Each structure stands twice: as C-alpha cells, then as structure tokens.
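Chain by chain, the residues:
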Amino acid sequence: MSPAPITLDRFILEAQQVSPGATGELSLLLMRLGVAGKRIASALSRAGLTGTLGAAGAQNVQGEEQKKLDVVANEILVETFDYGSLVTVVASEEMEEPVVYAQKETGGGYAVLFDPLDGSSNIDCNGTLGTIFSIRRRKDGGSADLLRSGHEQVAAGYVLFGPAVLLVYTTGSGAHLFTLDPAIGEFLLTRDSLSMPERGRGYAVNEGRAHAWAPEVRAFVDYLKQDDKASGRPYSTRYSASLVGDVHRFLLEGGIYLYPPDAPGGKSPSGKLRVLYECHPLAFVVEQAGGRASTGTQRVLDVVPDSLHARIPLAIGSREEVELFDRFSSGRDPKPGPRT
Ligand code: FDP
C-alpha cells in the first residue's frame, strides 16, 4: 500500500508538536484558512452558473471596480474568523477599514490581513486567481497595530485557483505546497520546503505600461530581452495578470515578477501593489524558498507602511534577477554573470 497522504491538518499539527511553546492557536487559524480556500474555490468554480461573474457595481477603497467575486471571497474570509476567539481583527484590500470582532476584545491574539481575490481582471475569463494572506500577532490594538514591517508576520501564504487549487504557506521554517484533492476535499502535501531556482528564464511585467516607467526599469526589461546566450538571454515573457499565478510559476521555475513604479511625476509613483495584503506575505513566502523581494531600493520585508492600503513597487522572484533589478534601479553597474 502506498503511504498515507499528508493532509494540511496533519502537516500543521505535526509542525506544532515540534514548535516549542506553540499553543495550537496558529494551527487552528491556518486550518481555517484552508477551509476558506476551499469555500472560495467552490464559489469560483460555480460562478458562471450562479450569476456571480461580473461587476459588483461598486468601487473598493483603491477606486478600483469591485467584481461580485471580490465581494464573495472577502465575505467568506471575514466570516471565517468571526468565531472561536482567535482573531481580533481582519483587514482586507477590499475594505476601507479593518473589521474588529466585538467579542474578541479580551481574547484573540491574531490579526489576519488578506487580498481576497488577487488578479480580478481574470475573473470573467476563467483565468488564474489567488487569495493572499498574512498573519500577525495583535499588539496593543487599533489600525496602527498593523502598520509594522513584514518581519512581524508569523505566517503568510496564498491559495492559487488554477487547473488545480493549491495552497502555499510559511510560518518561517520553509514554504510548503499543498494540492487540493477534489475527491476527498483535502489539501495534500505535494512539496515540503520549496527551494526556488537562484536564477530563471522568465519575467512577468505589464509591458503595456512601459511608457510610464522610469528609464532604469526600461533598461532592465530591455536587458532581459537582449540576445546573449552566455548570460541566458533573452528571457521569455510570462505575464498572467495574476500576481499569485506569476509568483507561483517563478517559485517553481525561477524568474522575476515586476510591478514597477511610474517615473517621477507619473500617475503611480509607488506602483500598484499593496504592502500589507500582497507584498509582505508574498515576500515572506518567496524568501523562505530562497528568493528575494525588493522595491528596487529596499527589501520588501523591511518596509513599514504608513497606511493600511499603502502601495510599493515590487520586484519578486529568483535571487539573481531581483539583485540585478536592484543594481539597475540604483544605477550601479549591473555586471551580470554568465549563466551557470
Ligand atoms: P488585479 O488588480 O487584477 O487584482 O494585485 C493586483 C493585480 O491584479 C495583480 O494580480 C496583477 O499582476 C496586476 O494587478 C495586474 O495589473 P495590470 O492590469 O496593471 O497589469
């Protein structure tokens, strides 16, 4: 008989047993995220049949059009943590203000932050989507409590909704990959302690926005496209319009995802992606797999946001490409080495 599959719950519980001082609360929370991921996957798979595709008719706090499924996924996550006294507060890309659970004033030590449905433009065309989450210990309360560096995350990860539903998470000792087995409704361990290639052959960026980029960003992307076999160029473009989808690809294959800032004076001088809901959690996962995440001038995990919905430029992926991007960004001589 083949060995019993390792379910998400078993993996989390076994990790808890070898984690000194663990109370089991974080384990419960992670398991709940698994359940929320399955509920969102179910809503997505039936959206075309249940009338939940299309726009919700409102804008989120960023002024972006909300899709019905953005709202559904957000509601599932808010509801998921509204019992059990584990979580005091949740904050989401889709909500202007955090939700503070009234009954938790005396209990619940965690804050959960999320982007309920990343890659919204893919919703109506059945493209790749994701849910990104970040877990922090609650300190003294209030929104200011959440405005801390990415090093304060105790866990982070994402659920990827593609041909298969995947869950990747880290608690700071490696990043682990699970695949939903639809036959039994469980996430099963498919790769323990992911290790991403130090260098890849692909890049993902919305090149339709190249006109707005700073010259050093254009120089970097042009560099990737030049033909030079010795340094492994040209790279292939791999942009899916879903940050989670692209980051996941590069986690497995190596490469770099970029959402650069506009040049000074442009419309988006800080880029598009949100520190707390997207950049910090993905940076935590990718670093745990041996990769890097940078704004071009700063390590993403070092960034302390000045507001809940603050944005930063993001370069995330293999160590070598992200370091190269930093060298271009700072105007240093890139001097890329030959491909090994
Ligand atoms: P979206 O706004 O559609 O949710 O997180 C934001 C994000 O998607 C990323 O998933 C994606 O990579 C990027 O923005 C797409 O933005 P562009 O349409 O500007 O390319």
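Figured I'd write up the structure that's included with this text. (Residues numbered from 1 in each chain as written. Predicted model: local features only at pLDDT ≥ 70, side-chain atom pairs only at ≥ 80, totals over all residues. Heavy atoms only, no water.)

### Digging into the site of the ligand
Here is step 1: Within the structure, the ligand sits among 14 residues, and Asp118, Tyr239, Tyr257, Tyr259 and Glu278 are positioned closest to it.
Here is step 2: Side-chain polar atom of asparagine 206 to an oxygen atom of the ligand: 2.8 Å apart, as the coordinates give it.
Here is step 3: Lysine 272 has a polar side-chain atom sitting 2.8 Å from an oxygen atom of the ligand.
Here is step 4: Expressed as a share of its isolated accessible area of 460 Å², the protein-covered part of the ligand is 86%.
Here is step 5: For the shell around the ligand, a count of residues per class yields six nonpolar, five polar and three charged. (Near = heavy atom within 4 Å. Polar contact = N/O pair within 3.5 Å; in protein donor to acceptor, adjacent residues only side chain to side chain. Areas by Shrake-Rupley, 256 points an atom, 1.4 Å probe, with all protein chains shown as cover. Nonpolar A, V, L, I, M, F, W, Y, C, P; charged D, E, K, R; others polar.)

### Concerning the packing of helix α1 (residues 8-17) against helix α2 (residues 25-45)
Here is step 1: Across the interface, α1 lies against α2 with an axial gap of 10 Å and an inter-helix angle of 165°. In this view, α1 runs roughly antiparallel relative to α2, as classed from their interaxial angle. The handedness of the crossing between α1 and α2 comes out as right-handed. Only Ser27, Leu30, Met31 and Gly34 of α2 make contact with α1, whose side of the interface consists of Leu8, Asp9, Ile12, Leu13 and Gln16. (Axes fitted to C-alpha atoms, helices over the stretch in contact; angles between N-to-C directions. Helix = DSSP H or I, 4+ residues; strand = E, 2+ residues; numbered from the N terminus. Parallel < 35°, antiparallel > 145°, perpendicular 65-115°, else oblique. Left-handed = near helix turned anticlockwise from the far one by under 90°. Contact = heavy atoms within 4.5 Å.)

### Here we look at the sheet that holds strand β5 (residues 110-118)
Paired through their backbone hydrogen bonds, the strands of a sheet run either parallel or antiparallel.
Here is step 1: Pairing is mixed in the open sheet, where eight strands are placed in the order β4-β3-β5-β6-β7-β8-β9-β10. Of all the strands in the sheet, the pair left with one neighbour each is β4 (99-100) and β10 (186-191).
Here is step 2: As paired strands, β5 and strand β6 (residues 129-137) are joined by seven bridges and run antiparallel to one another. Residue pairing across strands places tyrosine 110 opposite arginine 137, the latter belonging to β6.
Here is step 3: Strands β5, β6, β7 (153-161), β8 (165-170), β9 (175-181) and β10 of the sheet are contacted by helix α6 (residues 243-253), whose axis makes an angle of about 100° with β7. (Pairing = 2+ DSSP bridges.)

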